[in-house]
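Notes for the structure review
Here is how the chains run, residue by residue.
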Amino acid sequence: MKIILKIITAAFLSFSVLGFGQEISFDTLMKQARLEIYDNPDNAISIGKGLLGKEKDIHKQISIYQMLSTAHIAKRDFDRSLQYLLKAKETARKTSDLKTRTSVLISAAIQYQQMELFSKSLETLNEADQYLVQLPDDLPEKHIETARSYAIRGMIYKSQSNPEIALEKFLISIRNFEKVEPKQTNDSNMSVVYYNIGYCYLNLNLLAKAHQAFIRSAEYAQRNKAKSLEAFALKGMAEMYKQKKENETALQLLIKAEDLSKNTGDLILNEGIYKEMAENYLAMGKPNLYQSYSKKYFEMRFQREQNELRSINHSINDHNKETLKKSSEIKTRYRYLTGIILGLGTLIILLLIVLIFKIRKQNLQYKRKIKELIK
């Protein structure tokens, strides 16, 4: 169930708030790359690398890094995806633009959530919130990033078996996405959120509501021609039919999902499809097909786990670097503070010594005057 409940959140990374008002040639290529992220990620990566070698503007560089990170997530290559995301995060530190910083941090939170580093994801979301609250309420990017933030929080709650709380977060996410015009820019995002809503209802055994959510997820995916997202929605519907013991209907949906996902290279999607197909064939008493798809499922699972292991190692290294940097900053502040305290202490002691000598000198003068008066 845990593997089945995993969801592509890469759709959230594909919308970058950094692309407004850029050159036509850059915009055109980036638009083409984003359109191909899910169905032809290799071509999107090729376009991104070509742009990266030419661009000097840091905001455009960040946009490219985010797109490349998304494309590698579509291939379930978490290791390379994380590397590009860390480059975006590092580059974002060079700008004071709140929109840019917020977007990159929430994208990082999405990456950590997919790697199941939930504490790190929530920590990053909380950091992003500090910038998010400073953005004007009428700014479209504020609604987009708020929607992404709540969607990620919802996914974390869903992964922790809290579907009721997750639903609350997802519905807030939907409301914020709906505030953005044109609506079409968020079709993939809406598809992802409705997919998650479907699984929340499925976990609550509200099958009718789950079915409606999966249908809406598929409709939004079709509007954006995102075949992998449509395949996810079909897989969700298939699991619903499996629970109703309608295995033949479930298999038809899974076969269609398998066809849609042929060129995506999405390990989690294929893993989930093969697992569901194996279980349905087993329920229908077809052991040969069950064994065939079980083998495919375990192959996909092994590849995914290897990718995740590499990316977790990189994440640990990055966390260690950040910890060392913070430790160095604390040590530097401690040295400054120690120096200030020592300086102030020395100054106070000197002032006290001067004051003591001054009082002693005055006392000696008073003694002399007293002696002279006695005489």
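To start, this report covers the structure provided alongside it. This is a predicted model, so every value here is computed, not measured.

Thresholds, definitions, all that
Residues numbered from 1 in each chain as written. Predicted model: local features only at pLDDT ≥ 70, side-chain atom pairs only at ≥ 80, totals over all residues. Heavy atoms only, no water. Axes fitted to C-alpha atoms, helices over the stretch in contact; angles between N-to-C directions. Helix = DSSP H or I, 4+ residues; strand = E, 2+ residues; numbered from the N terminus. Parallel < 35°, antiparallel > 145°, perpendicular 65-115°, else oblique. Left-handed = near helix turned anticlockwise from the far one by under 90°. Contact = heavy atoms within 4.5 Å. Nonpolar A, V, L, I, M, F, W, Y, C, P; charged D, E, K, R; others polar. Patch = residues over 30% accessible without salt bridge, like charges linked within 9 Å, V, L, I, M, F, W, Y side chains within 5 Å. Areas by Shrake-Rupley, 256 points an atom, 1.4 Å probe, with all protein chains shown as cover. Salt bridge = Lys/Arg side-chain N within 4 Å of Asp/Glu carboxyl O. Buried < 20%, exposed > 50% of the residue type's maximum accessible area, 1.4 Å probe, protein only. Expected span 1.5 Å × (residues − 1). Polar contact = N/O pair within 3.5 Å; in protein donor to acceptor, adjacent residues only side chain to side chain.

Considerations on the packing of helix H13 (residues 247-260) against helix H14 (residues 267-283)
At their nearest, the axes of H13 and H14 sit 10 Å apart, and the two run at 150 degrees to each other. With respect to H14, the element H13 is oriented roughly antiparallel. In this structure, the crossing between H13 and H14 has a hand that is left-handed. Taking contact as the criterion, the partners of Asn247, Ala250, Leu251, Leu254, Ile255, Ala257 and Glu258 in H13 are, on H14, Ile273, Tyr274, Glu276, Met277, Asn280, Tyr281 and Ala283. Grouping the constituent residues of the contact of H13 with H14 by class yields ten nonpolar, two polar and two charged.

Considerations on the environment of Lys244
Structurally, Lys244 is set in the loop between helix H12 (227-243) and H13. A C-alpha to C-alpha distance of 8.8 Å links Lys244 and Leu207, two positions 37 residues apart in sequence.

Quick word on a nonpolar patch on the surface
Where nonpolar side chains cluster on the molecular surface, the patch consists of Tyr336, Ile340, Leu344, Leu347, Ile348, Leu351, Leu352, Leu355, Ile356 and Ile359 and spans about 1,000 Å² of accessible area. The topology assignment puts Leu344 in helix H15 (residues 287-374). On the basis of relative accessible area, Leu344 is assigned to the partly exposed category, the value being 48%.

Description of helix H4 (residues 58-74)
With 17 residues, H4 extends 24 Å between its outermost C-alpha atoms, agreeing within 8% with the 24 Å of an ideal straight helix rising 1.5 Å per residue. The buried count for H4 comes to 15 of 17 residues, which makes it a mostly enclosed element. At the N-terminal boundary of H4, the capping side chain belongs to Asp57, with an oxygen 3.0 Å from the backbone nitrogen of His59. Looking one or two places after H4, you find Arg76, whose phi comes out positive at around 60 degrees.

Concerning the pattern of salt bridges
The tally for this structure, following the rule as stated, stands at eleven salt bridges. Between Arg223 and Asp187 there is a salt bridge, with its nearest N and O atoms 3.4 Å apart. Taken together, the positions of Arg223 in helix H11 (residues 207-223) and Asp187 in helix H10 (residues 187-203) put the pair 36 residues apart, joining distant regions of the chain. What makes Asp187 buried here is its relative accessible area of 2%. Several salt bridges share partner residues, and in doing so they unite Lys242, Lys275, Glu276 and Glu279 into one network.

Concerning unusual backbone geometry
With the exception of glycine, most residues fall at negative phi, and the peptide bonds are largely trans. The backbone of Ser161 shows a phi angle near 60 degrees, a positive value even though the residue is not glycine. Mapped onto the fold, Ser161 is located in the loop between helix H8 (140-159) and helix H9 (163-177). Look at Ser161 and you get exposed, because its relative accessible area is 62%. Positive phi, normally seen in glycine, also occurs at Lys225, with a value near 55 degrees. Within the secondary structure, Lys225 sits in the loop between H11 and H12.

Note that every value here comes from positions in space, so none of it alone points to a role or purpose.
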